[in-house]
Each structure stands twice: as C-alpha cells, then as structure tokens.
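Architecture at a glance
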Amino acid sequence: MKFGTTETYVAADDLAIAVNAAVTLQRPLLVKGEPGTGKTELARQVAAVLGLPLIEWHVKSTTKAQQGLYEYDAVGRLRDSQLGDARVHEVRNYIRKGKLWQAFEAETRVVLLIDEIDKADIEFPNDLLQELDRMEFHVYETGEMVAARHRPVVIITSNNEKELPDAFLRRCFFHFIRFPDADMLAGLCCTNRLTVGLPLLPDRPILRPS
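Structure report, in brief. Everything numeric in this text was worked out from a predicted model, so none of it was measured. (Residues numbered from 1 in each chain as written. Predicted model: local features only at pLDDT ≥ 70, side-chain atom pairs only at ≥ 80, totals over all residues. Heavy atoms only, no water.)

This part covers the overall build of the chain. Assigned secondary structure in the chain consists of nine helices and nine strands. Taken over 210 residues, the chain has a buried fraction of 39%. Within the chain, residue pairs in contact and separated by at least 24 positions form 74% of the contacts whose partners lie at least 6 positions apart. For the chain, the exposed area adds up to about 12200 Å²; of that, 52% sits on carbon and sulfur atoms. (Helix = DSSP H or I, 4+ residues; strand = E, 2+ residues; numbered from the N terminus. Buried < 20%, exposed > 50% of the residue type's maximum accessible area, 1.4 Å probe, protein only. Contact = heavy atoms within 4.5 Å. Areas by Shrake-Rupley, 256 points an atom, 1.4 Å probe, with all protein chains shown as cover.)

Structure representation (structure tokens):
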C-alpha cells in the first residue's frame, strides 16, 4: 500500500513521493519544516495507512543517543547488592530497553518516529549513524548483539533550528514541508470540516463576525 492523502491528512504530491521512496528503499526519511506543519502527524498517518504499529521517541535537549538503545541502571544494581537482593546476579534486570531496541525486536515491521532531532546535542545524529544504517547494536553489559527482526520505517523530524551533520544527511531521504499554499489550505479546511456552513463540533458552530 502506498501513502497519500487520507480522510484526515492532506499530503502534497512531493511529500507522498518522498515517503513512498523511503519506505520502498528502506532508508530513513528526514522531514524538516517550521513548527505546526504536520511533521509529527505525518508519522502517525504513515503508520495508519500502512497498518503498522507506531513507536514514538520524542527528543529533548537532554536526550542522549544511548537512551534510544538502552540504559543500564548501575546505581540500582549497586543498591540491590548492598541489600542482598538476588536480582543483582542477572545484569539484564537492570537494562531498560530504548525505543530503537523496542522497534528492532518487534514481531512485525513498525514505524519509528524520532521527533525533533535538532533539539539534542549536535553529536546526537552521528551517534545513531551505525545503528540506523546496519540496524543492529551491541549491548556491552551482556555481550549480545541486538539486530532488527524487520527493518522499521524510520521517520525523523526537525524544526530546522540547527544544521545536522553531513554524514547523517547522506543516509536519509530528505523532504522540507512548506507552509500550505491557498489550494492546500482549501484541502485542509475540507479535511478538517472547516468549510463554510459545516459545524466545527456538533454543538459549536463556526462563529462569524457580525
């Protein structure tokens, strides 16, 4: 099934082409645009159209790439060892799986959204290069290699607040979502039932100036 305009989302032709190319060629899709242009919603719509589960990773200024793989709770293990807890003998009890790990081990193909990647440190994208390219990573505490059962559809969004590394950009399909023009605004109005004469909500008609 190919992605395109749905009943709840108006996709420009060039955006639909970029999404379908990224899905077909199994490469991450980097979507840039101003806030409010529908970048995050795009991933949700792609998941709905393709009938795939969605895993969302919302990046903050303090987010580290390692958190997307896994986190090892060394402090918790030390505390349990002092309390004589038997759990300390199994290191897996202190490993918290990140969003990439969840996507890699999913039983079916999923859509993985890495939202607002430009909020993180400049090295954040580079730290994910190998994992997104090879679709595998090493867990140092257990010695195991986690590889994707099914290559996820990766959609990465950016508000274009900072430049991303060239090495990262070369591994992605890129698309910039522009603010909608008049024709697309008309389509958006129809999609969201905002055309003149139709109520926004059943009991709340659109108010017009007197």
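Back to the text.
This part covers the side chain of Ser 158. Its location among the elements puts Ser 158 in strand S8 (residues 153-158). Look at Ser 158 and you get buried, because its relative accessible area is 0%. Apart from the residues within four sequence positions on either side, Ser 158 is in contact with Leu 30, Val 31, Lys 32, Gly 33, Lys 39, Ile 117 and Asp 118.

Although it is not a glycine, Glu 116 sits at a positive phi angle of roughly 60 degrees. Relative to the assigned elements, Glu 116 resides in the loop between strand S5 (111-115) and helix H6 (124-127). Phi at Asn 160 takes a positive value of approximately 65 degrees, unusual for a residue other than glycine. Since its relative accessible area comes to 33%, Asn 160 is described here as partly exposed.

With parallel pairing, five strands are arranged side by side in an open sheet as S2-S5-S8-S1-S9. Each edge of the open sheet carries a strand with a single partner, namely strand S2 (54-58) and strand S9 (173-177). With strand direction ignored, the average angle separating the axes of adjacent strands in the sheet is 20 degrees. Both strand S1 (residues 29-33) and S8 contribute to a ladder of four bridges, which runs parallel. The partner of Val 31 across the bridge, within S8, is Thr 157. Across the sheet, helix H1 (residues 13-25) lies against S1, S8 and S9, angled at about 160 degrees from S9, the strand it touches most. Along the sheet face, helix H2 (residues 39-50) touches S1, S2, S5, S8 and S9 and points at about 175 degrees away from the line of S5. (Pairing = 2+ DSSP bridges. Axes fitted to C-alpha atoms, helices over the stretch in contact; angles between N-to-C directions.)

The analysis is restricted to geometry; functional conclusions fall outside its scope.
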